[in-house]
Amino acid sequence: MWTSRYPLAADKFDDGVWRQTREEAMTRMHVELHPKQVWGLIGIDGDSADAVLRMVSTVDSHPMPNVIIENPVNGHAHAGFGITTPINVTNYGSRRAVRYGLSIEEALRRAVGGDPSYPGRLIKNPFHSRWITHFLHDKTSTLNQYGAILTAAGHMPGRGWHNQRRREPVGYSRNETLFHMVRRFAYREMRHHWGDADGYRAAVAKHVAILNADFPIPLGGNELGHISQSISDWTINYSRMWNDGPAAYDAAFSAIQAARGRKGGRVGSGRNGGLAGNSRPGGLARGGDQAEASQQIREMMAKVAYS
């Protein structure tokens, strides 16, 4: 189940974490749980002295983990749960599957009393001599199978859990939260910096720093730099609006506003989105509006680009 070819690995985190060959990584105390493109193992961190007992006490509570790696000094342990069909976490994968996987991860954490700040990126190396490793079984489960057991046990988070996670980010989710908050700001901010890449980069970096200050435990300077640089570089190098300039931006904005105006003036454009007693026609009308608006935006931007 462990498929990383060049995993992140480390002995002491203060000395740094870097990618290594599988052979070299297996000599380290901590290794990457799964490749960054494919999520095939769910990791849970137990920070209590009876972590192993909580992880193996599965009757009417949670599925049995595939492996438990225990620290013999304090009893803390990591548990790994195998997924039958690994989740594609790239842009080509299913966002619904990723969100469901995160809910399963949260439910497993709740079931064993795991650490909510654990990012699920590195796990204790099960073959390192410092740890006591318990290989329990080699069977995997689908997300639906995990979900059925965890739902019956009452551990699955509610529908608003993802939004709550964004409002109170911990651990690695701070990076994700900050990135998504700033990228939305970056799309709007570009209209103030046409032709001024340095000014745009500075504005994005400033906004990153301001939002980071609101976290109970702010991120470090290096992480802030990576986030702001990633957003700025993508916008400047790949955003069509940035490269086409203010005329294209204004054309797109006008088309969007016009489409919204037409949609708001239509009969049956209320919450149910359609004709009285039948929501399906309204849904089709909304889809037609969106398709029409998208086509107009493409046509306007094409005219500006080639004019």
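Residues numbered from 1 in each chain as written. Predicted model: local features only at pLDDT ≥ 70, side-chain atom pairs only at ≥ 80, totals over all residues. Heavy atoms only, no water.

The subject of this paragraph is the overall build of the chain. For the chain, the count of helices and strands is 11 helices and 8 strands. Counting over 307 residues, the chain shows a buried share of 41%. Taking contacts inside the chain between residues at least 6 apart in sequence as the whole, the part at least 24 apart equals 67%. Surface accessibility of the chain: about 17700 Å² in total, with carbon and sulfur atoms responsible for 53%. (Helix = DSSP H or I, 4+ residues; strand = E, 2+ residues; numbered from the N terminus. Buried < 20%, exposed > 50% of the residue type's maximum accessible area, 1.4 Å probe, protein only. Contact = heavy atoms within 4.5 Å. Areas by Shrake-Rupley, 256 points an atom, 1.4 Å probe, with all protein chains shown as cover.)

Now for the packing of helix H7 (residues 197–212) against helix H8 (residues 221–238). Running from N to C, H7 and H8 cross one another at 140°; their axes reach a closest spacing of 9 Å. Judged by the angle between their axes, H7 and H8 are oblique. The crossing of H7 and H8 is right-handed. Contacts between H7 and H8 involve Ala-197, Tyr-200, Arg-201, Val-204, Ala-205, Val-208 and Asn-212 from the former and Leu-224, Ile-227, Ser-228, Ile-231, Ser-232, Asp-233, Thr-235 and Ile-236 from the latter. (Axes fitted to C-alpha atoms, helices over the stretch in contact; angles between N-to-C directions. Parallel < 35°, antiparallel > 145°, perpendicular 65-115°, else oblique. Left-handed = near helix turned anticlockwise from the far one by under 90°.)

A cluster of nonpolar side chains, namely Leu-53, Val-56, Met-64 and Leu-136, defines an oily patch on the protein surface of about 310 Å² accessible area. Looking at where Met-64 falls in the secondary structure, it is placed in the loop between helix H2 (51–56) and strand S5 (67–70). Taking relative accessible area as the criterion, Met-64 reaches 32% and is therefore assigned partly exposed. (Patch = residues over 30% accessible without salt bridge, like charges linked within 9 Å, V, L, I, M, F, W, Y side chains within 5 Å. Salt bridge = Lys/Arg side-chain N within 4 Å of Asp/Glu carboxyl O.)

Taken together, the 4 strands give an open sheet; going across it, the order is S4-S6-S5-S8, and neighbouring strands pair in antiparallel fashion. Each end of this open sheet is capped by a strand with a single partner; those strands are strand S4 (38–46) and strand S8 (132–135). The mean angle between the axes of side-by-side strands here comes to 20°, regardless of whether they run parallel or antiparallel. Of the pairings in the sheet, the one linking S5 to S8 comprises 4 bridges and is antiparallel in character. (Pairing = 2+ DSSP bridges.)

When pLDDT is averaged along the chain, the result is 81, and 80% of the positions lie at 70 or above. Across the chain, the element-wise mean pLDDT spans from 52 in helix H11 (residues 279–306) up to 97 in S5. In this model residues 267–286 is a low-confidence stretch, pLDDT under 50, and it forms 14 contacts with partners more than four residues away in sequence or in other chains. (pLDDT = per-residue confidence, 0-100.)

The phi dihedral of Asp-60 falls on the positive side, at around 55°, and the residue is not glycine. Inspection of the secondary structure assignment puts Asp-60 in the loop between H2 and S5. Classification of Asp-60 as exposed rests on a relative accessible area of 74%.

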